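Examining the three-dimensional arrangement
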Amino acid sequence: MSQAEWDVYVLSLQQKNQVDALISLIQQGHERELLFSVVGGYGLDALYGRLTRDHHDFDIVIKAVDEANYKQLLVELGYRHFQSGANPDVKRFINLSP
């Protein structure tokens, strides 16, 4: 990515929807006193203080003791669990909301 592209990033509609979904998850988690960290691309963007590019997913790390509560929250927000990859400790969810 060139410096000019870095300086003039514009959100796509898909990206805006994803940011809205992440903000909703953060707000709902906060209301339920669920602690987590946003990592990956959005985590880096938070450190930069702005969005730098489109992301195709968002990654969060939660405490193991909160797993059931987070699963319930994700289902309530329209996500469904699916398993992919060889690591059973990595939980993946997909948003089925329009």
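See the structure shown above.
First, a word on scope: everything that follows refers to the structure included in this document. Fair warning: this is a prediction, and the values are worked out from it, not measured in the lab. (Residues numbered from 1 in each chain as written. Predicted model: local features only at pLDDT ≥ 70, side-chain atom pairs only at ≥ 80, totals over all residues. Heavy atoms only, no water.)

1. Side note on the nonpolar core
Note the following rule: Each nonpolar core is a collection of buried residues, namely Ala, Val, Leu, Ile, Met, Phe, Trp, Tyr and Cys, held together in the definition by side-chain atoms within 4.5 Å. Exposure is judged per residue with a 1.4 Å probe applied to protein chains only, and the accessible area is read against the type maximum: over 50% gives exposed, under 20% gives buried, and values in between give partly exposed. Only DSSP runs of H or I reaching four residues or more are called helices, and only runs of E reaching two or more are called strands; each is numbered from the N terminus. A contact between two residues is defined here by any heavy atoms of the two lying within 4.5 Å.
Counting seven residues, the largest nonpolar core consists of Ala-21, Leu-25, Leu-34, Tyr-70, Leu-73, Leu-74 and Tyr-79. Contributions of two or more residues to this core are made by helix H2 (13-31) and helix H4 (67-76). The biggest single contributor to this core is H4, with three residues. In contact with Leu-73, not counting residues within four places along its chain, are Leu-25, Gln-28, Gly-29, Arg-32 and Leu-34.

2. Quick look at unusual backbone geometry
Although it is not a glycine, Glu-33 sits at a positive phi angle of roughly 60°. Note that Glu-33 resides in the loop between H2 and strand S1 (36-39).

3. Structural notes on helix H3 (residues 40-48)
What H3 keeps buried is the set Gly-41, Tyr-42, Gly-43 and Asp-45. Considering only its buried residues, H3 is in contact with H2 and S1. Just downstream of H3 lies Gly-49, where phi reads positive at about 85°.

4. Focus on the side chain of Asp-45
We apply this condition: Charge assignment: positive for Lys and Arg, negative for Asp and Glu; neither His nor the chain ends contribute. A pairing counts as a salt bridge when a side-chain nitrogen of Lys or Arg comes within 4 Å of a carboxyl oxygen of Asp or Glu. Here a polar contact is recorded for every N or O atom pair within 3.5 Å, except that within protein the pair must consist of a potential hydrogen donor and a potential acceptor, and residues adjacent in sequence are included only if both atoms are side-chain atoms.
When you line up the elements, Asp-45 lands in helix H3. For the buried Asp-45, which has no salt bridge, the nearest side chain bearing the opposite charge is Arg-53, at an N-O separation of 6.1 Å. Within the structure, the side chain of Asp-45 is placed 2.7 Å from the side chain of His-55, a separation counted as a polar contact. Residues contacting Asp-45, with those up to four places away along its chain left out, are Arg-50, Leu-51, Thr-52, Arg-53 and His-55.

5. Digging into the packing of aromatic side chains
What counts is decided by this rule: In this scheme Phe, Tyr and Trp rings, the latter by its six-membered ring, pair at centre separations within 6.5 Å, and the angle between planes marks the pair as stacked below 30 degrees, edge-to-face above 60, and tilted otherwise.
Inspection of the entire model under this criterion finds one aromatic pair. Summarising the aromatic geometry, the rings of Phe-36 and Tyr-70 are spaced 5.9 Å apart at their centres and angled 85° between planes, so their arrangement reads as edge-to-face. Of this pair, Phe-36 sits in strand S1 while Tyr-70 is found in helix H4, placing the two residues 34 residues apart along the sequence. Judged by relative accessible area, Tyr-70 falls into the buried class, the value being 2%.

6. Here we look at a nonpolar patch on the surface
Inclusion rule: Nonpolar side chains (Val, Leu, Ile, Met, Phe, Trp, Tyr) within 5 Å and like charges within 9 Å form the patches, drawn only from residues with over 30% relative accessible area and no salt bridge. Per-residue accessibility takes into account occlusion by the displayed protein chains alone, with areas from the Shrake-Rupley method and a 1.4 Å probe.
Taken together, the side chains of Leu-44, Leu-47 and Tyr-48 present a nonpolar region at the surface, about 370 Å² in accessible area. Note on placement: Tyr-48 falls in helix H3.

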